[in-house]
Amino acid sequence: MARPRNPLPPPPVLLLLLLLPPLPLLPGAGDPFPTEGRLMNNCIQARKKCQADPTCNATYNHLKSCTSSLSTLSPAEEPSVSEDCLEVAQRLRNSSLGSCTCQRRMKNQTACLDIYWTVHPARSLGDYELDVSPYEDTVTRKPWKMNPNKLKKLKPDWDLCLKFAMLCTLNGKCGRLRKAYGEACSRPRCQRHTCQRQLRTFFEKASELHAQSLLLCPCAPSDLGCGQRRRNTIAPSCALPAGTPNCLELLHRCLSDVLCRSRLADFQTYCHPVDGRGTCATDKSRCLLAYTGLIGTAMTPNFVSNVNASIALSCTCRGSGNLQEECEQLEASFSHNSCLIYLLFSPQRRPLQLRCVCTANSSPKPYP
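Residues numbered from 1 in each chain as written. Predicted model: local features only at pLDDT ≥ 70, side-chain atom pairs only at ≥ 80, totals over all residues. Heavy atoms only, no water.

Novice: When you look at the state of the cysteines in this model, what are you seeing that I'm missing?
Specialist: What is meant by a disulfide is a covalent connection between two cysteines, made through their sulfur atoms. On inspection of all chains with the given rule, the structure shows 13 disulfides. Cys-102 shares a disulfide with Cys-112; S-S distance 2.1 Å. Disulfide Cys-102 to Cys-112: torsion about the S-S bond roughly -100°, handedness left-handed. A residue pair is termed long-range when its members are at least 10 positions apart, and Cys-102 in the loop between α4 (83-91) and α5 (109-119) and Cys-112 in helix α5 qualify at 10 residues. Owing to a relative accessible area of 0%, Cys-112 belongs among the buried residues under this scheme. The residue that forms a disulfide with Cys-219 is Cys-226, at a sulfur-sulfur distance of 2.0 Å. Looking along the S-S bond of the Cys-219-Cys-226 disulfide, the torsion reads about -70°, which is the left-handed sense. Each of the two residues, Cys-219 as well as Cys-226, counts as buried. (Disulfide = S-S within 2.5 Å. Helix = DSSP H or I, 4+ residues; strand = E, 2+ residues; numbered from the N terminus. Buried < 20%, exposed > 50% of the residue type's maximum accessible area, 1.4 Å probe, protein only.)

Take a look at the structure:
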């Protein structure tokens, strides 16, 4: 882009606002929890249509009994669906249920996802099928709203993680949501389910710009304080599992939970690398949304240490026996995912608000 002819730079506050442009709002984006009627073909509406047809309703109920058996599998067992159930599922492919989706901010999200997985019992989470995600392929954002006077509270010598934490605090909604999960995750006796639920609420309700900036703020390798703040963003001492469980055990917990299974499928769909150069199969903003969707589930990833930007699941593949290879593939889908690594830590791929040192009294500069 050509530089402006005016040699005088615009005010720093204006620069910050220009660097964080609002995206066009899609229908329903103004409501953090859109109703089912605002989705093109959500599964709850499709289920209601099916209920009105006796044949469709009977077929769906048959499939419901098929999928209920999947939750009883042990970690060592592969999910499988009988030929009879597959044949029944095929009958619904031409109905509205066959193409229905859900939205992560919709009301009755869990009910919608339950319908989706009932209709698609044979979809494997390990094959990176590009049509496997139960969520619609859209990214909706609200405009970044910030009172310019509040930006003066940012100190020039603060690291980026501290600055983005302050930007969240200065935003009423982001500050309230962050405080809620902070309190839930810092109680004397950790209640992991409560902590994880509040984390999910934060990443579902807070502005994506606020949430992603707070979670993925870039730190210089020598800045241990910044790295520690970044790693502690999700309160790992309470949000992550105690000890170091086997990764396949985490996967089993995830597959047994309809929300976690859906978020993992979303991640595998939209953060799938197509080559070793870091090229993602889909748009980078969709991968970021899928990544943040895993926070607060059994498959919550996090930074490995305070001194580097490596990301991994909190698990090990020791003791996997005959499933060692499968376990290592699961582990590598996070720790060695070239799409994710390049997306999060390459200045060219990183979202613009994560590439800039935003202060109230100096122009934003590219972060190395």
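Novice: Help me understand the nonpolar core in this model?
Specialist: Soluble globular proteins tend to bury their nonpolar side chains together. In terms of nonpolar packing, the biggest core is built from 50 residues, with Leu-199, Phe-202, Phe-267 and Met-299 touching the most fellow members. With five residues, helix α12 (residues 247-255) is the single largest residue contributor to this core. If you look at the next biggest cluster of nonpolar residues, it comprises 25 residues, including Cys-43, Val-88, Met-106 and Leu-113. (Core = buried A, V, L, I, M, F, W, Y, C linked by side-chain atoms within 4.5 Å.)

Novice: Looking at this structure, I do not really get empty space enclosed by the protein. What am I missing?
Specialist: By rolling a water-sized probe across the atoms, one finds the places where empty space is left. Throughout the structure, instances matching the rule amount to three cavities of 30 Å³ or more. If you add up the space inside the second largest cavity, you get close to 40 Å³. Lining the second largest cavity, in full, are Arg-104, Arg-200, Phe-203, Glu-204, Arg-263, Leu-289, Thr-292, Gly-293 and Ile-295. Counting only elements with at least two residues in the lining of the second largest cavity, the list comes to α8 (192-205) and α14 (284-293). When the residues that make up the lining of the second largest cavity are grouped by side-chain class, the tally is three nonpolar, two polar and four charged. (1 Å grid on protein atoms, 1.4 Å probe; cavity = no way out; pocket = protein on both sides within 12 Å on 5 of 7 lines; lining within 4 Å. Points joined across faces, edges and corners; volume = space filled by probe spheres on them. Nonpolar A, V, L, I, M, F, W, Y, C, P; charged D, E, K, R; others polar.)

Novice: Hey, could you run me through the side chain of Thr-297 in this one?
Specialist: Tracing the backbone through its elements, the reader meets Thr-297 in the loop between α14 and β1 (301-303). When its relative accessible area of 5% is taken as the criterion, Thr-297 is described as buried. Polar contacts involving the side chain of Thr-297 include one to the main-chain carbonyl oxygen of Leu-294, which spans 2.7 Å. Thr-297 has contacts with Gln-196, Arg-200, Cys-260 and Arg-263, leaving out every residue within four places of it along the chain. (Polar contact = N/O pair within 3.5 Å; in protein donor to acceptor, adjacent residues only side chain to side chain. Contact = heavy atoms within 4.5 Å.)

Novice: Help me understand unusual backbone geometry in this model?
Specialist: Generally, phi is negative for residues other than glycine and the peptide bonds are trans, each holding for most cases. Residues other than glycine seldom take positive phi values, yet Asn-108 does so here, at roughly 60°. Within the element layout of this structure, Asn-108 appears in the loop between α4 and α5. The backbone of Ala-235 shows a phi angle near 50°, a positive value even though the residue is not glycine. Relative to the elements of secondary structure, Ala-235 occurs in the loop between α10 (224-231) and α11 (236-239).

Novice: Sorry, what's going on with the packing of helix α6 (residues 160-170) against helix α7 (residues 172-185) here?
Specialist: For any two helices packed against each other, the geometry comes down to the angle between their axes and how far apart the axes lie. One way to put it is that α6 packs onto α7 with a least axis distance of 5 Å and a crossing angle of 105°. Here α6 lies roughly perpendicular to α7, going by the angle between them. Each of Ala-165, Cys-168, Thr-169 and Leu-170 in α6 lies in contact with α7, whose residues at this interface are Gly-172, Cys-174, Gly-175 and Arg-178. A per-class count over the contact of α6 with α7 returns four nonpolar, three polar and one charged. (Axes fitted to C-alpha atoms, helices over the stretch in contact; angles between N-to-C directions. Parallel < 35°, antiparallel > 145°, perpendicular 65-115°, else oblique.)

Novice: Looking at this structure, I do not really get the packing of helix α9 (residues 208-215) against α14. What am I missing?
Specialist: For the pair α9 and α14, interaxial distance at closest approach is 11 Å and the crossing angle is 70°. For the element pair α9 / α14, the angle class is roughly perpendicular. On the side of α9, the interface is formed by Glu-208, Gln-212 and Leu-215, while α14 contributes Leu-288, Leu-289, Tyr-291 and Thr-292. For the contact of α9 with α14, the per-class residue count stands at four nonpolar, two polar and one charged.

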